[in-house]
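Report on the structure
Next come the chains, spelled out residue by residue.
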Amino acid sequence: MLIEAKDISVAIGGRLVLDGESVRCKPGIMTALVGASGSGKTTLLHCLGLLLPVDKGSILIDGKDVTRYGTAARRRFWRDNAAFVLQDYGIMDEESVAFNVTMQASVIGKRFSGYKERLKQSLEQTGLKGRENELAGHLSGGEKQRLALSRAIYKDANILFVDEPTASLDATNRQMVIELLADFAVRARTVIVSTHDSEMIAACGAMHQIGSNSSSH
Ligand SMILES: Nc1ncnc2c1ncn2[C@@H]1O[C@H](COP(=O)(O)OP(=O)(O)OP(=O)(O)O)[C@@H](O)[C@H]1O
Ligand SMILES: [Mg+2]
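Residue numbers here run from 1 along each chain, matching the order of that chain's written sequence. Here the convention is simple: chains get letters from A, ligands get numbers from 1, in the order in which they are written. Per-residue local features are limited, in this predicted model, to residues with pLDDT of at least 70; the limit for side-chain atom pairs, both in listing and counting, is 80 or more; totals at the level of whole chains, interfaces and linings are taken over all residues. Values reported for side chains reflect all heavy atoms of the structure, with hydrogen atoms and water molecules removed beforehand.

Focus on the pairing of strand β2 (residues 15–25)
As a reminder, the rule being used: By definition, two strands form a pair when at least two bridges between them are found by DSSP. Note on conventions: DSSP H or I runs of at least 4 residues are helices, E runs of at least 2 residues are strands, and numbering of each starts at the N terminus.
Bridge analysis of strand β1 (residues 3–12) against β2 gives eight bridges, and the strand direction is antiparallel. Each residue of the ladder has a partner; that of Ile3, found in β2, is Cys25.

In C-alpha cells:
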C-alpha cells in the first residue's frame, strides 16, 4: 500500500513540530524518516500511521484521502493493514511473551491452524527462540524491542511503522533487525522507519529528511 503525507503540519503545545512535510512511502521499499533528535520523526511516523491527527494537509492511502477517518475506520486500518513497532515497544509486561506476539490466549489461539508454528518462527527470527512462556516484563529493553518486531512478523501486515528499531541493540542484533525489515519490503510490504542509524538508512530504498520540503511562511 502507498502511504502519503501531503504538506502536513502539526502543532503540539502551541509549537509547530511539523511544518509542511510531504513524503511518499511506497510498497516494496523501506522509507527512512531522518532528522536530528526532536526534529519530528516520531510525530511524522504517528501521523502516517493515523495515530496522530494533522492540523493541516492530508494523509492518503493508495490515493484515498484518509485524513478525516473516524475512530472506527482507523481501527479497521490498524487491524487489517498495520503493524507498529514503536519507541515504547507497546509491550504488556504482565503478559507472557507468547501473548504479546499473538495477542491471543493460547486456548483460543489453538483453534487457528499453524498458530504455534508461526509463533515459534516469529520468535526464532528475532533471536527469542524458546522464550514463549516468560513474562514479557522480565525482558531487557532490546529484547522487548525484538519482541515487538516478532509481533509484527506474526501479523505479517501490509504496512510496518517502525520507530528507531536499532536504537538499543548491539551490532549483531542491529544487523538482524535491518535484514528482517528489509525482508518485509522484499515481500512487497510498505516499511516506514524513523531512524538516525546510518546502517539502517543505507538499507532503505528511500529517505525523507524532516524539514527538507517545508513550505516557507
Ligand atoms: N506529546 C507531546 N507533548 C509535547 N511535546 C511533544 C509531544 N510529542 C512530541 N513533542 C515535541 O515535538 C518535537 C518532535 O518530537 P518527536 O518525538 O517527533 O522527535 P524525534 O525526531 O522523533 O526525536 P528523537 O530522535 O529524539 O526520537 C519535540 O520537540 C517534542 O518535544
Ligand atoms: Mg523519535
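Here's the deal with the sheet that holds strand β8 (residues 190–194)
Rules: A fitted line through C-alpha atoms represents every axis, and for helices the fit uses only the stretch in contact; the resulting angles, taken between N-to-C directions, go from 0 to 180 degrees. Any two residues whose heavy atoms approach within 4.5 Å are treated as being in contact.
Taken in spatial order, the five strands line up as β6-β7-β8-β3-β9 in an open sheet, and their pairing is parallel. The two strands at the open ends of the sheet, each matched to only one other strand, are β6 (82–85) and β9 (206–209). Going across the sheet, the axis of each strand differs from the next one's by a mean of 15 degrees, ignoring polarity. Both strand β7 (residues 159–163) and β8 contribute to a ladder of five bridges, which runs parallel. Each bridged residue has a counterpart across the sheet, and for Asp163 the counterpart in β8 is Ser194. Running over the sheet, helix α1 (residues 41–48) touches β3 (30–34), β7, β8 and β9 and is turned about 160 degrees from β7. Sitting on the sheet, helix α6 (residues 141–155) touches β6 and β7, and the angle it makes with β6 is about 170 degrees.

Brief notes about α1
Keep this limit in mind: Only protein chains enter the accessibility calculation, which uses a 1.4 Å probe; a residue whose area is less than 20% of its type maximum is buried, one above 50% is exposed, and one in between is partly exposed.
In terms of burial, α1 is largely enclosed, as six of its eight residues are buried. Looking one or two residues past α1, Leu50 carries a phi angle of roughly 60 degrees, positive in sign.

So, the pattern of salt bridges
So the rule is basically this: Just to be clear on terms, a salt bridge is a Lys or Arg side-chain nitrogen sitting within 4 Å of an Asp or Glu carboxyl oxygen.
The tally for this structure, following the rule as stated, stands at ten salt bridges. Arg189 is paired through a salt bridge with Asp156; the nearest N and O atoms lie 2.9 Å apart. Taken together, the residues span a long stretch of sequence, with Arg189 in the loop between α7 (171–186) and β8 and Asp156 in the loop between α6 and β7 at a distance of 33 residues. For Arg189, a relative accessible area of 18% corresponds to the buried category. A salt bridge links Arg174 to Asp197, with the nearest nitrogen and oxygen atoms 3.0 Å apart. Taken together, the residues Arg174 in helix α7 and Asp197 in the loop between β8 and α8 (198–202) connect sequence positions 23 residues apart. Judged by relative accessible area, Arg174 falls into the partly exposed class, the value being 22%. When salt bridges with common partners are traced through the structure, they connect Asp156, Asp183, Arg187 and Arg189 into a single cluster.

A word on the site of ligand 1
Selection criterion: We define proximity as follows: a residue is near a molecule or strand when any one of its heavy atoms falls within 4 Å of that partner. Two N or O atoms form a polar contact when they lie within 3.5 Å of each other; inside protein one atom must be a possible hydrogen donor and the other a possible acceptor, and for residues adjacent in sequence the pair counts only when both atoms belong to side chains. Residue polarity follows a fixed list, in which Ala, Val, Leu, Ile, Met, Phe, Trp, Tyr, Cys and Pro are nonpolar, Asp, Glu, Lys and Arg are charged, and the others, Gly among them, are polar.
Around ligand 1 lies a shell of 14 residues, among which Arg15, Ser37, Lys41, Thr42 and Thr43 are the nearest. Ser39 has a polar backbone atom sitting 3.3 Å from an oxygen atom of ligand 1. With respect to ligand 1, the backbone of Gly40 contributes an N or O atom lying 3.0 Å from an oxygen atom. Contributions of two or more residues to the shell around ligand 1 are made by β2 and α1. No other element matches α1, which puts three residues into the shell around ligand 1. Counted by class, the shell around ligand 1 contains three nonpolar, eight polar and three charged residues.

Comments concerning the nonpolar core
The cut-off we apply is this: Within this scheme, the nonpolar core is defined by two criteria: the residues are buried Ala, Val, Leu, Ile, Met, Phe, Trp, Tyr or Cys, and they are joined through side-chain atoms within 4.5 Å.
Counting residues in each nonpolar core, the largest one holds 35 residues, and the members touching the most others are Met30, Leu147, Leu160, Leu181 and Val191. Within the residue set of this core, elements represented by two or more residues are β3, β6, α3 (97–102), α5 (115–124), α6, β7, α7 and β8. When sequence neighbours within four positions are dropped, the list of residues in contact with Val191 reads Ile29, Met30, Thr31, Leu160, Leu181, Phe184 and Ala185. Of all hydrophobic cores here, the second largest spans 26 residues; its members include Leu50, Ile59, Val66 and Ile159.

Comments concerning α6
Quick note on the threshold: Helices are assigned an expected span. That span is 1.5 Å times one less than the residue count.
When the terminal C-alpha atoms of α6 are compared, their 22 Å separation across 15 residues agrees well with the 21 Å that a helix rising 1.5 Å per residue should span. Among the 15 residues that make up α6, 13 are buried, leaving the element largely enclosed by the rest of the structure. Count one or two residues on from α6 and you reach Asp156, which has phi positive near 50 degrees.

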